[in-house]
Amino acid sequence: MAGRTARLVLLAGAAALASGSQGDREPVYRDCVLRCEQRNCSGGALKHFRSRQPIYMSLAGWTCRDDCKYECMWVTVGLYLQEGHKVPQFHGKWPFSRFLCFQEPASAVASFLNGLASLVMLCRYRTSVPASSPMYPTCVAFAWLSGR
């Protein structure tokens, strides 16, 4: 019985921690996203959004809802700064300006370079280690999975 109670307390504590970032919980942000989605993400308005959305954004998978979240994030950040508060996080991340289809260009570049480094090391490994080595398939599989 005590073990079950302890598990429930831990579960409730974990749920409290998972309630989102400060920006996500802001009523201004939530209302803005709701209004934006109602105004822009259905019917003719959605067709208009898609027609004016740059091709690179649609290829990257940005949706109308994502665009609403992005725009409302900046509205909320503006209000925070206007009131003299620190900039909050949204969805566990600090707000970054979007460049082309990348909201975090430095992170995207770092990920690309990480994948490139993994590919280079895989090529070096394959040329210097015989395929008959016991761990060869495991190392090659790990390199392919970690580089993605």
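As recorded in an unreviewed UniProt entry, the chain goes by Post-GPI attachment to proteins factor 3 and comes from Moschus moschiferus. Database annotation for the chain, UniProt heading Sequence similarities (unreviewed entry): "Belongs to the PGAP3 family."

**Topic: the overall build of the chain**
The helix and strand inventory of the chain stands at eight helices and zero strands. N-terminal to C-terminal, the α/β element order of the chain is α-α-α-α-α-α-α-α. The buried share of the chain, taken over its 148 residues, is 22%. Sequence-distant contacts in the chain: of pairs separated by 6 or more residues, those separated by 24 or more amount to 54%. A total accessible area of about 10700 Å² is found for the chain, and carbon and sulfur atoms account for 64% of it.

**Considering the pattern of salt bridges**
Counted according to the given criterion, the structure contains one salt bridge. In this structure, Glu37 engages Arg65 in a salt bridge whose closest nitrogen and oxygen atoms are separated by 2.6 Å. In this pair, Glu37 is assigned in helix H3 (residues 27-40) and Arg65 in helix H6 (residues 64-82), connecting sequence segments 28 residues apart. Among the residues examined, Arg65 registers a relative accessible area of 43% and is labelled partly exposed.

**Describing the state of the cysteines**
Taken as a whole, this structure holds three disulfides when the rule is applied. One disulfide in the model links Cys32 with Cys72; its S-S distance is 2.1 Å. Between Cys32 and Cys72, the S-S torsion sits near -75 degrees, and that sign places the bridge as left-handed. Residue Cys32 is located in helix H3, and its partner Cys72 is located in helix H6; the two are separated by 40 residues in the primary sequence. Note on cysteine connectivity: Cys36 is disulfide-linked to Cys68, with sulfurs 2.1 Å apart. When the S-S torsion is -75 degrees, as for the bridge of Cys36 with Cys68, the disulfide is left-handed. With Cys36 in helix H3 and Cys68 in helix H6, the pair connects residues that are 32 residues apart, well separated along the chain. Residue classification places Cys68 among the buried positions, given a relative accessible area of 1%. Here the disulfide map of the chain reads 1-6, 2-5, 3-4, the bonded cysteines being numbered as they appear in the sequence.

**Things to note about H6**
Spanning 19 residues, H6 covers 27 Å between terminal C-alpha atoms, matching the ideal 27 Å at 1.5 Å per step. Turning to H6, its buried residues number three or more, namely Cys64, Asp67, Cys68, Tyr70, Cys72, Met73, Thr76, Val77 and Tyr80. Contacts from the buried residues of H6 go to helix H2 (22-25), H3 and helix H4 (43-52). Once H6 ends, the next one or two residues include Gly84, with phi positive near 85 degrees.

What counts, and where the lines are drawn
- Residues numbered from 1 in each chain as written.
- Predicted model: local features only at pLDDT ≥ 70, side-chain atom pairs only at ≥ 80, totals over all residues.
- Heavy atoms only, no water.
- UniProt positions renumbered as here; feature names shortened; annotations may be inferred.
- Helix = DSSP H or I, 4+ residues; strand = E, 2+ residues; numbered from the N terminus.
- Buried < 20%, exposed > 50% of the residue type's maximum accessible area, 1.4 Å probe, protein only.
- Contact = heavy atoms within 4.5 Å.
- Areas by Shrake-Rupley, 256 points an atom, 1.4 Å probe, with all protein chains shown as cover.
- Salt bridge = Lys/Arg side-chain N within 4 Å of Asp/Glu carboxyl O.
- Disulfide = S-S within 2.5 Å.
- Expected span 1.5 Å × (residues − 1).

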